Each structure stands twice: as C-alpha cells, then as structure tokens.
Amino acid sequence: MSNTHLFRHALLPAGWAENVLLRVENGVIAEVRSGLAGGHGIALPGMPNLHSHAFQRAMAGHVERRGAEQDSFWTWRTLMYKLALSMSPDDVQDAATLAFVEMLEGGFTSVAEFHYLHHAPDGTPYHDIGEMAARLAAAAEAAGIELLLLPVFYAHAGFGGAAPAPEQRRFVSSLDGYTKLYERCGALAPSGVAPHSLRAATMPEVKALAELAGSRPVHIHIAEQVAEVEACLGFCGQRPVEHLLDNAPVGPNWCLVHATHITPDEATAMAATGAVAGLCPVTEANLGDGIFPAQHFSGTWGVGSDSNVLIDPARELQMLEYSQRLARRARNVMASPGEPATATALYQAAVAGGAQALGLQGGLRPGAPASFVTLDGETPELALSQSVFCARQPAVRDVWVRGRQVVAQGRHALAQTARLRFDAMVNRLV
Ligand code: ZN
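Not measured: the values here are computed from a predicted model.

Caption draft 1: Geometry of the overall build of the protein. When helices and strands are counted, the protein shows 13 helices and 16 strands. Computed over its C-alpha atoms, the radius of gyration of the protein comes to 21 Å, within 12% of the 22 Å expected for a compact globule of 430 residues. Dimensions of the protein, computed from C-alpha atoms along their principal axes, come out at roughly 65 × 45 × 45 Å. Across the protein, contacts joining residues at least 24 apart in sequence account for 73% of those joining residues at least 6 apart. In the form shown here, the protein has an accessible surface area of approximately 17100 Å², with 52% of it arising from carbon and sulfur atoms. Each charge sign in the protein was given a centre, from 31 positive and 41 negative side chains, and these centres are 4 Å apart.

Printed below as a string of structure tokens:
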C-alpha cells in the first residue's frame, strides 16, 4: 500500500524544508523529496513518548489535596498503590485507551509503556501471565498508537534485596516468572525489559535482565528522589547513576528515566554511554522530584508523560525549558548554536532521543515509521514555537501513525466513547 503527502513545510532531521513530499509504503517512509510545488500545512515527525504508566491516568486530579502531614512523592506513592490494588483488567484497559487517545491528540505517536501492574489483586499471576499486558496492547491497537511494551521486573522494597511490601504484591516477579512474562509480552507487541529501579532490583538481577534484552531496549527509573540517592549511598557508598554505570552494561539501548539527582561527573559519564535520559518534566514537577541538570548533560534525551497527570508533548517541552529558565535565571537555555529557535531545538532533540529509547528510527527520513503530525500556520518556526509556549490546548491538527490517519482536526474518533468509559470506571474506583 503506497500513498503520498505533500506539505508546504516539514521539519526534517536537518531542519525546516519547503514543499516536502513524503511517499509512504506499508507504514514506512519510502522517500522524502523537497522543492515540489503545491504543498500545504506544516508537518512534524510524531513525538515518541518514552515513559508512561497508563493506569495512573485514573489518578489525575484526584491527588492534589494535602494530607495530614507534609505531602511528598512517597505519600503520593501510597495513594497510587491503593489505586493499583483496586484496578481490574477492564479498568486498566479503559484507563489506557483514554490515555493513548489523548497521547495521539497531543501528537505522541508511539509510547513506551513501563508496565508493572501484572498480577491479580491477591498477588497471584493471572491464568494468562500477560493478562494486563494484553489489555495494554488491546488499548494501543484500538487507539492506533505504536506500543513498546516494557514489562517491569520488581522484586524488592529497598536497596540490598529487601523483601517486597504487601502492597507491592501485584508488581512482584521472580526472575523465572519474569522470563515467562517477557516472552508473553514479546508475542503481544515489540518489547524491552525494565528493572523498576535499583530499589526494586538488585545489581545481579539488573545484569540478568540486560542479558535477556540483548540489543532490545532496557529502561530503568533512577535518581528520581533525594531519599533514593541517600539510601543508595548508605547501601554501597555510591550514588545511583554512578553505581549503575560502574556495574551494568549501560549503552545506547538504555533509557535512564528521570536521572534528576546527578552530579556533573555522573552527567558526563551518562552522556558518554550513549544512553537516553528519560525526562518527564510535567510529572517531575507534579511530584516535586527536582530539576534535571541539563546544563551539565551533553547526551541524548527524550520526554515521557509518566504519571499521565497531563498528556501533551508540547507541555513537556515547555516545562523542561521553563524549569531550566527558573533554575538558571536565563532564557532560551535549551536552544543550541546549531538551532537557535528554542522550540525547534527542543522538538528535534526529543524526537531523536525518544525514538532511540523506543528502538525506532526517528524523524521524517526514509526507513522511519510514517508517523507524523500537522500544525496550522504559514510560518513553521513560529507555529511550533506557539504550540510549545503559547497554545491553550494542543495545537496538533492531524496525526498519522505508520501511514494511518488516527486524528483529524484535533479529534480522535474514539475520544468520546473512551472518555465515557473512563469516567464511569473512575467514579466506581475513586
Ligand atoms: Zn515512572
């Protein structure tokens, strides 16, 4: 199946180009040619979402009241565990369907689902060990988003192999059980491995998972919270990123999610591995995690919607730039000498890093997935800048994933039914 699209402007890996023809064959870009007359609209490559927990979409807005004591990431986590213990496979599918529809409406065209809600509420595996993963795959299929399934290995409640807590029972696997789950996930969708964190997986377990993955993606939460850094120092005398880089075969197929609390030396060492920094600026702000030290990091990065409290790639890029501005009291800090337009520089970097983290080819280039979005406007740099810094809702108009149009005029065909099912589910649970 072959078709062509002709755009007035398109953001190619080398920058903005005019009158660009994309020829698509079987969902892949077969040819990119510029200089043809008659194109209209502004095309951007679809944004990969490198980190999501779809089920957490059900919590959005419900956890913004202060409790009796000071609220923190850890009090939020207690509420998240409560929700996780209450959700059925149908509930997870309903939450994921809405989350994926919203991702597409915002311009995310692929998602790495960091999936740890595996087992039945009493902690025993479902008859199909991949029951919950199958629900995520079904939601992705219905919405039309490209999915990378990252079944999470979770075995401990703290550094040094501490026994898991009872409220973590739906997440917990042995290495043997995990291998079965990983194989099952691989039959459902492209997959990678995900040791949850150095709190939940010991270093020998992390290394065993990396071996299982081979060249497939390996994602891990790391250095999100100061308490985690302190616990790691207490356990081994090293900081989490330092400890990981010294002991595990971290390379370009790895994504280090958050990496918020890193020293300049850790930032340099991390960049040298070629691993992707998985930044989730909206969630990191919502949870009070901290600010990524971008000024020390010269490596690859992408963005993820993580807790899905708000789903919009433009807001992630805006929050990233604004948090850096606030911390450094400067403007346009994520622009580069090669790309002084800040929104364009942010967008190009996040597409490249996100694609690398998902094991995909990124950008509008031959061989890459035919996944792209359009913006309205005549001046492409300004339209993208306004979508990142000024838009009151996603500025994305039309969205194609692997050559198939899934959003038209800003709206996904499933938006209304997904919302109704989601609202009924949340009313029941919360
Ligand atoms: Zn996460």
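Back to the text.
Caption draft 2: Here's a closer look at unusual backbone geometry. Phi is positive for N308, which is not a glycine, with a value near 60°. Here N308 lies in the loop between β12 (300–303) and α10 (313–328). For R402, which is not a glycine, the phi torsion comes out positive at approximately 50°. Secondary-structure assignment places R402 in the loop between β14 (396–401) and β15 (404–408).

Caption draft 3: Representation of the packing of helix α2 (residues 89–106) against helix α13 (residues 415–429) within the structure. Interaxial distance between α2 and α13 falls to 9 Å at its minimum, and their mutual angle equals 135°. Here α13 runs oblique to α2, going by the angle between their axes. For the crossing formed where α2 meets α13, the hand is left-handed. Within the contact between the two elements, α2 uses D91, D94, A95, T97, L98, V101, E102 and E105 and α13 uses A415, A418, R419, R421, F422, M425, R428 and L429.

Caption draft 4: Spotlight on the coordination of the zinc ion. For the zinc ion, every protein donor is listed as H51 (NE2), H53 (NE2), H221 (NE2) and D306 (OD), and the spread of their distances is 2.1 to 2.7 Å. Taken together, the four donor atoms coordinating the zinc ion and their angles of 82 to 172° define a geometry best described as irregular. Positions of the donor residues of the zinc ion along the chain correspond to the pattern H-x1-H-x167-H-x84-D. One end of the pair, H53, is in the loop between β5 (47–52) and α1 (73–86); the other, D306, is in the loop between β12 and α10, and 253 residues separate them in sequence.

Caption draft 5: Focus on the nonpolar core. F100, L244, W254 and W301 are the most contacted members of the largest nonpolar core, which has 125 residues in total. Setting aside its immediate chain neighbours within four residues, W301 contacts V276, A277, L279, L317, L320, M334, L346, A349, A350, G353 and G354. Listed in part, the 13 residues of the second largest apolar core include A17, V24, F372 and W400.

Caption draft 6: Focus on the sheet that holds strand β10 (residues 254–258). The strand order across the open sheet formed by four strands is β9-β10-β11-β12, and the pairing between neighbours is parallel. The open sheet is flanked by β9 (218–222) and β12, the only strands paired with a single partner. Going from strand to strand, the sheet's axes swing by 30° on average, the running direction of each strand aside. The pairing of β9 with β10 spans five bridges and is parallel. Note on β10: the bridge partner recorded for H219 is C255. Across the face of the sheet, helix α7 (residues 240–247) comes into contact with β9 and β10 while running at roughly 150° to β9.

Caption draft 7: Looking closely at helix α6 (residues 226–236). For α6, the set of buried residues is E228, V229 and C232. All buried residues of α6 fall inside an arc of 100° around its axis, so they share one side. Counted as exposed and oriented over 90 degrees from the buried face of α6: E230 and G234. Taken together, the buried residues of α6 touch β9 and α7. After α6 finishes, the residue G237 shows a positive phi value of roughly 80°.

Caption draft 8: Summary view of the side chain of H51. Tracing the chain through its elements places H51 in strand β5. A distance of 3.0 Å separates polar atoms of two side chains, one belonging to H51 and the other to H221. If we skip the residues at most four places from it in the chain, H51 touches A112, F114, H221, V257, C280, G304, S305 and D306.

Caption draft 9: Inspection of the pattern of salt bridges at higher detail. Counted under the stated rule, the structure contains 19 salt bridges. R428 serves as the salt-bridge partner of D91, at 3.3 Å between the closest nitrogen and oxygen. With D91 in helix α2 and R428 in helix α13, this residue pair connects regions lying 337 residues apart in the sequence. A relative accessible area of 3% places D91 in the buried class. Counted as one network, the salt bridges with shared partners bring together R23, E25, E31 and R33.

Caption draft 10: Local environment of the sheet that holds strand β1 (residues 2–12). Pairing is mixed across the open sheet formed by eight strands, whose spatial order is β3-β2-β1-β4-β13-β14-β15-β16. Looking at which strands have only one partner, the edges of the open sheet turn out to be β3 (28–34) and β16 (411–412). Here β14 pairs with β15 via three bridges, running antiparallel. Within β15, the position partnered with V401 by the bridge is R404.

Caption draft 11: Geometry of the domain arrangement of the protein. In terms of domains, the protein is made up of domain 1 (2–40) and domain 2 (46–358). Inter-centroid distance (C-alpha atoms) of domain 1 to domain 2 is 33 Å.

Caption draft 12: Representation of helix α4 (residues 175–188) within the structure. Its 14 residues place the ends of α4 20 Å apart at the C-alpha level, agreeing with the 20 Å of an ideal helix rising 1.5 Å per residue. Looking at the packing, one finds that the buried side of α4 touches α3 (131–143), β7 (146–153), β8 (194–195) and α5 (203–213).

Caption draft 13: Expanded view of the packing of aromatic side chains. Applying the stated criterion across every chain yields a total of 13 aromatic pairs. Taken together, a centroid distance of 5.4 Å and an interplanar angle of 80° make the contact between F292 and F297 edge-to-face. Accessibility classification places F292 together with F297 in one group, the buried group. Among the aromatic residues, those joined into a cluster by ring pairs are F55, Y81, Y116, Y154 and F171.

What counts as what
- Residues numbered from 1 in each chain as written.
- Predicted model: local features only at pLDDT ≥ 70, side-chain atom pairs only at ≥ 80, totals over all residues.
- Heavy atoms only, no water.
- Helix = DSSP H or I, 4+ residues; strand = E, 2+ residues; numbered from the N terminus.
- Rg over C-alpha atoms; globule rule 2.2 N^0.38 Å.
- Contact = heavy atoms within 4.5 Å.
- Areas by Shrake-Rupley, 256 points an atom, 1.4 Å probe, with all protein chains shown as cover.
- Lys, Arg positive; Asp, Glu negative; His and termini not counted.
- Charge placed at Lys NZ, Arg CZ, Asp CG, Glu CD.
- Axes fitted to C-alpha atoms, helices over the stretch in contact; angles between N-to-C directions.
- Parallel < 35°, antiparallel > 145°, perpendicular 65-115°, else oblique.
- Left-handed = near helix turned anticlockwise from the far one by under 90°.
- Donors = N, O, S within 2.8 Å, 3.2 Å for Na, K, Ca; no water.
- Tetrahedral: all angles 85-135°; square planar, octahedral: opposite > 155°, others 65-115°.
- Core = buried A, V, L, I, M, F, W, Y, C linked by side-chain atoms within 4.5 Å.
- Buried < 20%, exposed > 50% of the residue type's maximum accessible area, 1.4 Å probe, protein only.
- Pairing = 2+ DSSP bridges.
- Arc of directions from axis to C-beta.
- Polar contact = N/O pair within 3.5 Å; in protein donor to acceptor, adjacent residues only side chain to side chain.
- Salt bridge = Lys/Arg side-chain N within 4 Å of Asp/Glu carboxyl O.
- Domains from an automatic or database assignment.
- Expected span 1.5 Å × (residues − 1).
- Phe/Tyr/Trp six-rings, centres within 6.5 Å; stacked < 30°, edge-to-face > 60°.

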